[in-house]
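The residues making up each chain are set out below.
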Amino acid sequence: MDERAQRQAIESLSIGSADEAAIAVGRLLAVTEAAYERRAQLEHALQSRVAIEQAKGVLAERYGLEPDAAFDLIRRAARSNRMKLHELVRKIKPGQPTPEELAAQIQGFASPRGS
């Protein structure tokens, strides 16, 4: 619901019958629930994006790649191994070996730096 619908729901609480007030409260609850759901979706998207950026950074540093090339490498490896991008991203950590799913994609892509 938008702001106009919210205002209408609130205004109907001050005038009208108990049935109208109950309907207005129901609308307000629906608006609140929708807002919480949207917030949860946005929080999940943000956390996901942070994890992807960190994985890109690890690969960029480790193999001397540009961030876009590192992302392409992750995406290609996820597709080749029929896994979700986020599953692979969770396996890419600093100070740990490169996940085996990336090994075949990395060969010929870049030369590793210190790992």
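The structure contained in this document is the topic of the report that follows. Starting afresh in each chain, residues are numbered from 1 along the sequence in its written order. A pLDDT threshold of at least 70 governs which residues receive local features in this predicted model, and a stricter bar of 80 or more applies before side-chain atom pairs are shown or counted, although totals over entire chains, interfaces and linings include all residues. Note: side-chain values were computed over all heavy atoms of the structure, leaving out hydrogens and water.

A look at the overall build of the protein chain
As a reminder, the rule being used: Secondary structure elements are defined from DSSP: runs of H or I of at least 4 residues count as helices, runs of E of at least 2 residues count as strands, and each element is numbered from the N terminus. The contact criterion used throughout is that any non-hydrogen atoms of two residues lie within 4.5 Å. Surface accessibility follows the Shrake-Rupley procedure with a 1.4 Å probe radius. Residue values consider only the protein chains on display as shielding.
For the protein chain, the count of helices and strands is five helices and zero strands. The linear arrangement of helices and strands in the protein chain, starting from the amino end, is α-α-α-α-α. Contacts in the protein chain between residues at least 24 apart in sequence constitute 51% of all its contacts with a sequence separation of at least 6. Element-wise, carbon and sulfur atoms account for 52% of the exposed surface of the protein chain, whose accessible area totals about 8,100 Å².

Some remarks on the nonpolar core
We count it as follows: Throughout, nonpolar core names a set of buried Ala, Val, Leu, Ile, Met, Phe, Trp, Tyr and Cys residues whose side chains join them through atoms within 4.5 Å. Relative accessibility thresholds used throughout: buried, under 20% of the residue-type maximum; exposed, over 50%; partly exposed, between the two (1.4 Å probe, protein chains only).
Counting 19 residues, the largest nonpolar core has L59, I74, L85, L88, I92 and L102 as its most contacted members. Secondary-structure elements contributing two or more residues to this core are helix 2 (18-63), helix 3 (67-80), helix 4 (85-91) and helix 5 (100-106). Looking at this core, the element that brings in the most residues is helix 3, giving six residues. Other than its neighbours up to four places away in sequence, L59 contacts G64, L65, A70, L73, I74, I92 and L102.

Side note on the side chain of T98
As a reminder, the rule being used: Distance and chemistry together define a polar contact, namely a pair of N or O atoms within 3.5 Å, with one atom able to donate a hydrogen and the other to accept it when in protein, and with adjacent residues in sequence counting only for side-chain atoms on both sides.
For T98, the location among the structural elements is in the loop between helix 4 and helix 5. In this structure the side chain of T98 is engaged in a polar contact, spanning 2.7 Å, whose partner is the side chain of Y63. Ignoring anything within four residues of it in the chain, the contact list for T98 reads R62, Y63 and I106.

A closer look at the pattern of salt bridges
Convention followed: Here, a salt bridge means any Lys or Arg side-chain nitrogen found within 4 Å of an Asp or Glu carboxyl oxygen.
As enumerated under the stated definition, the model contains four salt bridges in all. For the salt bridge of E53 with K56, the shortest nitrogen-to-oxygen distance reads 3.2 Å. Of this pair, E53 and K56 both sit in helix 2, three residues apart, which is roughly one turn of the helix. Owing to a relative accessible area of 36%, E53 belongs among the partly exposed residues under this scheme. With a closest N to O distance of 2.8 Å, D72 and R75 form a salt bridge. In this pair, D72 and R75 both sit in helix 3, three residues apart, roughly one turn of the helix. Here the salt bridges share partners, and the residues they tie into one network are R49, E53 and K56.

Observations regarding unusual backbone geometry
For R82, which is not glycine, the phi torsion reads 50° and is therefore positive. Structurally, R82 can be placed in the loop between helix 3 and helix 4. Since its relative accessible area comes to 80%, R82 is described here as exposed.

Description of the packing of helix 2 against helix 3
Going by this rule: Axis definition: a line fitted to C-alpha atoms, limited for helices to the stretch in contact. Angles are taken between N-to-C directions and run from 0 to 180 degrees. Convention used here: angles under 35 degrees read as roughly parallel, angles over 145 as roughly antiparallel, angles from 65 to 115 as roughly perpendicular, and any remaining angle as oblique. Each residue gets one of three labels, nonpolar for Ala, Val, Leu, Ile, Met, Phe, Trp, Tyr, Cys and Pro, charged for Asp, Glu, Lys and Arg, and polar for the others, Gly among them.
The contact between helix 2 and helix 3 brings their axes to 8 Å, and the two run at 105°. The pairing of helix 2 with helix 3 is recorded here as roughly perpendicular in orientation. Residues I52, A55, K56, L59 and A60 of helix 2 form the contact with helix 3, whose participating residues are P67, A70, F71, L73 and I74. Grouping the amino acids of the contact of helix 2 with helix 3 by side-chain chemistry returns nine nonpolar, no polar and one charged.

Focus: the side chain of S48
Its place among the elements puts S48 in helix 2. Among the polar contacts listed, one links the side chain of S48 to the side chain of H86, at a separation of 3.0 Å.

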